[in-house]
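Working through the structure, step by step
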Amino acid sequence: MGHPSDVLFLDDDDDLRATFADLVRTIFARECHGLASHRDLIALGERALRCGVAILDINLGPEAPNGLESYIWLRKHGFEGRIVFLTGHAASHPLVVEARRLGDAEVVSKPVSLDRLTTMLDGQPYEEHASQ
Amino acid sequence: MIPAAPHETQRSQYSWRGALLACCLNAIGMPMDLVLNRGIPDMPAWPPLLSSAAGAVLVIVMLARRRHPTARLATTVFLLNTLVILIALWITSGVYATAPGRWIPFQANKIGALAAAVLAPDLATGIVGIGGFVGMVLLRYATFPPALQRRLPIAEPWVIFIYALFALAMLGYRVHSVALARRVLRIRTESIATQRLARTFLALRDFTNTPLQTIELSAHIIRARCPELSPVLDRVDRSIDRLYRLNHALAVYESRIDWTDDDLTPDPTVLVVGH
């Protein structure tokens, strides 16, 4: 069962996904659902919607639905938690610009520091000077 | 062999087309003179035929080299073509001048000067071509006996200078326009190359972001589980930090990219490793 303290992590890179889930469990002592695709997110269904934080990669691979579509799906299905886009793309990239326009979602560039990750998972607003 | 730059190739092709058209006009146009000068006593047929044949040969040469056109070949062919035309006109103009009836002098030279302005491969060749047509008129006129000179219409042969002026103006304008078009092409080519380089750098950066993130998070996990490895992990952190700095340095290329629809579902591996 999903729980508000659970973290949803959507990224198509297997190693990063496994590492992130491992880190969340080891350092933050929270459950992390690592998902590789938009389809996995839909398959997780209700459990995904109960998570407190969703961290979404914007680019989920060529010809695959992107993180913005996952964002729309989550909000459409009543996800009330915090959504953070994690991206390796340039800030001027069209998908990143579109993600910034969504308003209630944050856009964070990879690689993200542990400090910033902590603020993301704790639900605190991130201050630019904190770390990068 | 190093391939020619795009603007050089374009220049060669442009010169080649102009010289080819000049030769075609010679090959087709000069025999028309035979039709026009029918009935003129002592008018030899061989000068226009020789000029036309030379033009046809030069057309063949140009077509044979169409896959490897060079500006030098175009210039050489253009000048040879002009030379054979001038030889033919020198001979026929002498016969026209002495023929009974009214002759409008040096019409072919006037057209030739204007054609040279439009078709010459470059400025220098154009000036030589125009100078050839104009110079031949003046020299030919000088060889006419005074009685023959007096038979020419008013203002002849000096009207050729008006044609020369127009031809030179047209040549200058054309050369300037072509140079401008080439400059635009060069800037565009450079812009495309810069964009490609910027895309490659950013793809390289995007490609390394995820593995870097994995390494950094893995280091945190190891540090939490095995605190005694901290000195080792400090070195890993410092190395990652250096890679981050490289990462930030590549960010300057972001502003140089005009994103397209193809970038909406990018696959950085294609740009970085090619498959």
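Refer to the structure presented above.
Residues numbered from 1 in each chain as written. Chains lettered and ligands numbered in written order. Predicted model: local features only at pLDDT ≥ 70, side-chain atom pairs only at ≥ 80, totals over all residues. Heavy atoms only, no water.

1. Here we look at the overall build of chain B
Here is the rule: Numbering goes from the N terminus for both helices and strands, where a helix is a DSSP run of H or I of at least four residues and a strand is a run of E of at least two. Whether a residue is buried, partly exposed or exposed follows from its accessible area with a 1.4 Å probe, protein chains only, as a fraction of its type maximum: under 20%, in between, or over 50%, in that order. For the area figures, the Shrake-Rupley method with a 1.4 Å probe applies, and any residue is considered shielded solely by the protein chains shown.
Assigned secondary structure in chain B consists of nine helices and zero strands. Secondary structure elements of chain B, listed N to C terminal, follow the sequence α-α-α-α-α-α-α-α-α. Within chain B, buried positions represent 39% of all 275 residues. Approximately 15800 Å² of chain B is accessible, and the part contributed by carbon and sulfur atoms is 68%.

2. Some points on the overall build of chain A
We apply this condition: In this description, contact between two residues means that some pair of their heavy atoms is separated by no more than 4.5 Å.
Within chain A one finds six helices and five strands. Tracing chain A from N to C terminus, the helices and strands come up as β-α-β-α-α-β-α-β-α-β-α. Looking at chain A as a whole, 55% of its 132 residues are labelled buried. Within chain A, contacts between residues separated by at least 24 positions form 62% of all contacts whose residues are at least 6 apart in sequence. Carbon and sulfur atoms provide 49% of the accessible area of chain A, an area that totals close to 5800 Å².

3. Observations regarding the interface of chain A and chain B
Our working definition: The quantity reported as buried area is the accessible area (1.4 Å probe) lost by two parts once they are put together, taken as the sum for both. By salt bridge we mean one thing: a side-chain nitrogen of Lys or Arg within 4 Å of a carboxyl oxygen of Asp or Glu.
If you look at the interface, chain A gives 26 residues, while chain B gives 25 residues. Carbon and sulfur atoms supply 63% of the area that chain A and chain B bury against each other, a total of about 2300 Å² over both sides. Between the two partners, chain A and chain B, sit one salt bridge. One salt bridge connects R225 of chain B with D22 of chain A, and the closest N-O pair in it is separated by 2.5 Å.

4. Remarks on the pairing of strand β2 (residues 32–35) of chain A
Residue and element names in this part refer to chain A. Convention followed: At least two bridges found by DSSP between two strands are what make those strands a pair. Handedness of a crossover is defined as follows: with both strands directed away from the viewer, a clockwise route from the first strand across the helix to the second makes it right-handed.
By the bridge criterion, four bridges tie strand β1 (residues 7–10) to β2 in an arrangement that is parallel. Of the residues in β2, the one forming a bridge with L10 is L35. Read from β1 through helix α1 (residues 14–27) to β2, the crossover connection turns out right-handed.

5. Overview of the layout of surface pockets
A probe as big as a water molecule, rolled over the atoms, marks out the empty space that is left. All names here are of chain B. The condition is simple: Buried and open spaces are told apart on a 1 Å grid over the protein atoms alone, a cavity being a set of points where a 1.4 Å probe fits but cannot get out and a pocket being an open set with protein on both sides within 12 Å along at least five of seven lines. Residues with an atom within 4 Å of a point are the lining residues. Grid points are joined across faces, edges and corners, and a volume is the space filled by probe spheres set on the points.
Of the voids in this model, the largest pocket is the one considered here, and its volume is about 800 Å³. M30, L89, Q107, A108 and I111 are the residues nearest the centre of the largest pocket, which is lined by 33 residues in total. Counting residues per element, the ones that place at least two in the lining of the largest pocket are α1 (6–36), α3 (71–98) and α4 (107–119).

6. A closer look at the nonpolar core
Here is the rule: Side-chain atoms within 4.5 Å are what join buried Ala, Val, Leu, Ile, Met, Phe, Trp, Tyr and Cys residues into a set we call a nonpolar core.
By size, the foremost hydrophobic cluster in this structure holds 41 residues, and its most contacted members are M62, F78, W103, I130 and F144 of chain B. Here the element with the most residues in this core is α3 of chain B; it accounts for eleven residues. Not counting chain neighbours up to four residues away, the residues in contact with F78 of chain B comprise A19, A22, A116, L119, A120, P121 and T125 of chain B. Counting 24 residues, the second-largest nonpolar core is a separate cluster that includes L10, L60, Y71 and V107 of chain A.

7. Some thoughts on the side chain of K110 of chain A
Put simply, the rule reads: By the criterion applied in these results, polar contacts are pairs of N or O atoms within 3.5 Å in which, for protein atoms, one can donate a hydrogen and the other can accept it, and in which residues neighboring in sequence qualify only through two side-chain atoms.
When you line up the elements, K110 of chain A lands in the loop between β5 (105–109) and α6 (114–122). With relative accessibility at 6%, the residue K110 of chain A sits in the buried group. Side chain to side chain, K110 of chain A and T210 of chain B meet in a polar contact 3.0 Å long.

8. Things to note about the side chain of E156 of chain B
Residues and elements named next belong to chain B. By secondary structure assignment, the location of E156 is in the loop between α6 (146–151) and α7 (160–225). Owing to a relative accessible area of 12%, E156 belongs among the buried residues under this scheme. A polar atom in the side chain of E156 sits 2.8 Å from the side chain of K110. In this structure E156 touches P105, K110 and Y141, once residues within four positions along its chain are discounted.

9. What to know about helix α5 (residues 123–143) of chain B
All names here are of chain B. The line we're drawing: Helices are assigned an expected span. That span is 1.5 Å times one less than the residue count.
Over its 21 residues, α5 extends 30 Å from the first C-alpha to the last, a length consistent with the 30 Å expected when each residue adds 1.5 Å. Those residues of α5 lying buried are T125, G126, G129, I130, G132, F133, V134, M136, V137, R140 and Y141. Each element contacted by the buried residues of α5 is listed here: α3, α4, α6 and α7. For α5, the side-chain oxygen to backbone nitrogen distance between the N-cap and A124 is 3.2 Å, and the N-cap itself is D122.

10. Some remarks on the packing of α3 of chain B against α5 of chain B
Residues and elements named next belong to chain B. Here is the rule: Axis lines are fitted through C-alpha atoms, for helices just across the contact stretch, and the angle between N-to-C directions can take any value from 0 to 180 degrees. When describing relative orientation, an angle under 35 degrees is termed roughly parallel and one over 145 degrees roughly antiparallel, while 65 to 115 degrees is termed roughly perpendicular and anything else oblique. By convention the crossing between two helices is left-handed if the near helix lies anticlockwise of the far one by an angle smaller than a right angle, and right-handed if it lies clockwise. Residue polarity is assigned by list, with Asp, Glu, Lys and Arg as charged and Ala, Val, Leu, Ile, Met, Phe, Trp, Tyr, Cys and Pro as nonpolar; anything else, Gly included, falls into the polar class.
The N-to-C vectors of α3 and α5 enclose an angle of 15 degrees; their axes lie 10 Å apart at closest approach. Taken together, the axes of α3 and α5 lie roughly parallel to each other. The crossing of α3 and α5 is right-handed. Of the residues in α5, those touching α3 at T75, F78, L79, T82, I85, L86, L89, W90, S93 and G94 are T125, V128, G129, G132, F133, M136, L139, R140 and T143. Looking at the contact of α3 with α5 residue by residue, the classes come out as ten nonpolar, eight polar and one charged.

11. Brief notes about the packing of α1 of chain A against α6 of chain A
Residue and element names in this part refer to chain A. Close contact between α1 and α6 brings their axes to 13 Å; oriented N to C, the two are set at 75 degrees. Classed by the angle they form, the pair α1 and α6 counts as roughly perpendicular. Within the contact between the two elements, α1 uses F20, L23, V24 and I27 and α6 uses L114, L117 and L121. Classifying every residue of the contact of α1 with α6 by side-chain character gives seven nonpolar, no polar and no charged.

12. Quick word on a nonpolar patch on the surface
Residues and elements named next belong to chain B. Applicable threshold: Patches were defined on residues exceeding 30% relative accessible area and lacking a salt bridge, with like-charge contacts within 9 Å and nonpolar side-chain contacts (Val, Leu, Ile, Met, Phe, Trp, Tyr) within 5 Å.
A cluster of nonpolar side chains, V118, I162, L165, F166 and M170, forms an exposed patch at the surface whose accessible area comes to about 490 Å². For the nonpolar patch, the element with the most residues is α7, which contributes four residues. Residue classification places V118 among the partly exposed residues on the basis of a relative accessible area of 43%.

13. Comments concerning unusual backbone geometry
Omega for the bond connecting K110 of chain A with P111 of chain A falls within 30 degrees of zero, at -5 degrees, which places this linkage in the cis form. Along the chain, P111 of chain A turns up in the loop between β5 and α6. Omega for the bond connecting E156 of chain B with P157 of chain B falls within 30 degrees of zero, at 5 degrees, which places this linkage in the cis form. Within the secondary structure, P157 of chain B sits in the loop between α6 and α7. Of note, the phi angle at E63 of chain A is positive, near 60 degrees, even though the residue is not glycine. Looking at the secondary structure, you find E63 of chain A in the loop between β3 (53–57) and α4 (67–76). In this structure E63 of chain A comes out as exposed when scored by relative accessible area, which is 73%.

As far as function goes, none of this settles anything; it's purely spatial.
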